[in-house]
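Overview (structure and organization)
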Amino acid sequence: MKKAVIVLGKIKKLPKQTNVAFIGVDYGAQFLAEQGLMMDLAIGDFDSVANLDLIRQYALKIVILPCNKDDTDSSAALKAIDHKAYSQIELWGALGGRMDHELVNVALLYRYPGIYICDEKQILCVLKPQKYHLQKKFKYISFLSRNKTVLSAKGLKYKLNRCELQADDLFATSNEFLQDEITLLVEEGPVLCIQSQDK
């Protein structure tokens, strides 16, 4: 199965990727079209695009949403796709814009555990209770909880041994990888996991 790369409106740069299904959301669709990349789907109210005709040329399917709706374009895009059809789903351009949209995009990780928010210096995902083998992508790794979370990890600078996190606990941030892969056990969750770097 292909990976789905959903490109949202705050995209500034997208690493070259092959064997992926591109989905353009609002201005993200224009960005992909300008790069000459075919999209399986272009979706949005397209209130922030200048060239809808160009998008039509590079989209196998286009869905135009009403401007007045009880949803964000990113949420509508995730509702529109068959999640089981993809090996992985990544959101690019989900951060760096309006704070309300950024927080909605992070909240979508809880609605759809297993998807990722990515950019050049960070990866965010929500992890449900189970054991994980996490590959190091960036220098730092942080954990934040909405409710009670219990987790253990080996291979980090600051040990986590049945560490309990509540929503107001902020101490599990800026941990560091000591090796390229760590074992993480989430006993209670879910937990927001963020890999990041400064530059």
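As a starting point, this report considers the structure included with it. (Residues numbered from 1 in each chain as written. Predicted model: local features only at pLDDT ≥ 70, side-chain atom pairs only at ≥ 80, totals over all residues. Heavy atoms only, no water.)

Right, let's talk about the nonpolar core for a bit. The nonpolar side chains of soluble globular proteins are, as a tendency, buried together. By size, the foremost hydrophobic cluster in this structure holds 29 residues, and its most contacted members are Ile-6 and Leu-78. If you list the elements that add at least two residues to this core, you get strand 1 (3–7), strand 2 (20–25), strand 3 (41–44), helix 3 (73–80), strand 5 (88–92), helix 4 (99–111), strand 7 (122–127) and strand 14 (191–196). With four residues, helix 4 is the largest single contributor of residues to this core. Those residues in contact with Ile-6, other than ones at most four positions away along the chain, are Ile-23, Val-25, Leu-78, Ile-81, Ile-89, Glu-90, Leu-91 and Trp-92. In this structure, Val-7, Ala-59, Ile-123 and Phe-138 belong to the second largest nonpolar core, which totals 21 residues. (Core = buried A, V, L, I, M, F, W, Y, C linked by side-chain atoms within 4.5 Å. Buried < 20%, exposed > 50% of the residue type's maximum accessible area, 1.4 Å probe, protein only. Helix = DSSP H or I, 4+ residues; strand = E, 2+ residues; numbered from the N terminus. Contact = heavy atoms within 4.5 Å.)

Take the side chain of Asn-105 next. If you trace the backbone, Asn-105 turns up in helix 4. In this structure Asn-105 comes out as buried when scored by relative accessible area, which is 5%. Those residues in contact with Asn-105 that sit more than four places away from it in its chain are Leu-8, Ser-74, Ala-94 and Ile-117.

Across the sheet, four strands lie side by side as 8-13-10-11; this open sheet has antiparallel pairing. Where the open sheet ends on each side, the last strands, each with one partner, are strand 8 (130–135) and strand 11 (160–165). Within the sheet, the average angular offset between the axes of one strand and its neighbour, ignoring direction, is 25°. Here strand 10 (residues 149–154) pairs with strand 11 via four bridges, running antiparallel. Across the sheet, residue Val-150 finds its bridge partner in strand 11, namely Glu-164. (Pairing = 2+ DSSP bridges. Axes fitted to C-alpha atoms, helices over the stretch in contact; angles between N-to-C directions.)

A cis amide bond links Gly-189 to the next residue, Pro-190, at an omega of 10°. Structurally, Pro-190 can be placed in the loop between strand 13 (181–188) and strand 14. Despite not being glycine, Asp-26 shows a phi value in the positive range, around 55°. Within the fold, Asp-26 resides in the loop between strand 2 and helix 1 (27–34). A relative accessible area of 7% means that Asp-26 is categorised as buried. Phi is positive for Phe-46, which is not a glycine, with a value near 55°. Mapped onto the fold, Phe-46 is located in the loop between strand 3 and helix 2 (52–57). Taking relative accessible area as the criterion, Phe-46 reaches 8% and is therefore assigned buried.

Time to look at the environment of Asp-73. By the element assignment, Asp-73 lies in helix 3. Here Asp-73 falls in the buried class, since its relative accessible area comes to 13%. Separated by 115 residues in sequence, Asp-73 and Glu-188 place their C-alpha atoms 31 Å apart. Not counting chain neighbours up to four residues away, the residues in contact with Asp-73 comprise Val-25, Asp-26, Gly-44, Asp-45 and Leu-65.

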